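The chain contents come next:
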Amino acid sequence: MEQVTFTKVVGFVLAAAFAIVIGVSMWALMIGDFTNAVINPQTQHTLRIVGFAGMLAALVVWWCQRFTARRGFVVRMLFALFIFVVAFTSFGALLRFGYIHVTDPSRQDWSLSGLYFASINDFYTFLLDMMIPPRPSYAALILAGAIYVAVFGPREPRTVEI
């Protein structure tokens, strides 16, 4: 069993704070975009889960950063950016799929092909809700999060093999 050190406690606190800030910011940006608009039910589902998807994606990014802990800043930032985008869209689609199946189970097709096509539909719907219209604020938030993880995330000293 590993020892609990001051560095690990600080890392845990930073990871939790990072996840909360990213999740709340993503939710607030989405709510701000749809403040005075008439929203269809599909977008309402996305509005409910976007913050949770952002929080989970931020925690996954922080945890995955240990794989690039010995690399330079640019590699850590690009890795964090890639992992965040993949995790965010995946968690968003998964949470949307689960939310719809839990809230209205009688209208769902519970066969394997029905579950598969519903999950693909929820993935594309989540992507379209996030990308149309283009939201530069999300791109800036994701880039800022990647830079934050690259600067403050897990790092180890570089080792050189001779």
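The structure under discussion appears in the preceding block.
Residues numbered from 1 in each chain as written. Predicted model: local features only at pLDDT ≥ 70, side-chain atom pairs only at ≥ 80, totals over all residues. Heavy atoms only, no water.

This next bit is on the packing of helix α3 (residues 73-103) against helix α5 (residues 136-152). Interaxial distance between α3 and α5 falls to 8 Å at its minimum, and their mutual angle equals 130 degrees. Regarding the angle of α3 to α5, the classification is oblique. Both α3 and α5 take part in a crossing whose hand is right-handed. For the pair α3 and α5, the contacting residues are F73, R76, M77, A80, L81, F84 and V85 in the first and I142, L143, A146, I147, V149, A150 and V151 in the second. Grouping the amino acids of the contact of α3 with α5 by side-chain chemistry returns 13 nonpolar, no polar and one charged. (Axes fitted to C-alpha atoms, helices over the stretch in contact; angles between N-to-C directions. Helix = DSSP H or I, 4+ residues; strand = E, 2+ residues; numbered from the N terminus. Parallel < 35°, antiparallel > 145°, perpendicular 65-115°, else oblique. Left-handed = near helix turned anticlockwise from the far one by under 90°. Contact = heavy atoms within 4.5 Å. Nonpolar A, V, L, I, M, F, W, Y, C, P; charged D, E, K, R; others polar.)

Attention now moves to a nonpolar patch on the surface. There is a patch of nonpolar side chains on the surface, built from F73, V74, L78, L143, I147, V151 and F152 and spanning about 580 Å² of accessible area. The set of elements that each furnish at least two residues to the nonpolar patch consists of α3 and α5. In terms of residue count, α5 provides more of the nonpolar patch than any other element does, four residues in total. Relative to the assigned elements, I147 resides in helix α5. (Patch = residues over 30% accessible without salt bridge, like charges linked within 9 Å, V, L, I, M, F, W, Y side chains within 5 Å. Areas by Shrake-Rupley, 256 points an atom, 1.4 Å probe, with all protein chains shown as cover. Salt bridge = Lys/Arg side-chain N within 4 Å of Asp/Glu carboxyl O.)

Ranked by internal contacts, the top residues of the largest apolar core, which has 29 residues, are I22, M26, V50, F84, F88 and M130. Going through the elements one at a time, α1 (6-33), α2 (41-64), α3, α4 (112-131) and α5 are the ones with two or more residues in this core. The biggest single contributor to this core is α2, with nine residues. Residues within four places of M26 in sequence aside, it is in contact with V50, G54, F84, F88, Y138, L141 and I142. (Core = buried A, V, L, I, M, F, W, Y, C linked by side-chain atoms within 4.5 Å. Buried < 20%, exposed > 50% of the residue type's maximum accessible area, 1.4 Å probe, protein only.)

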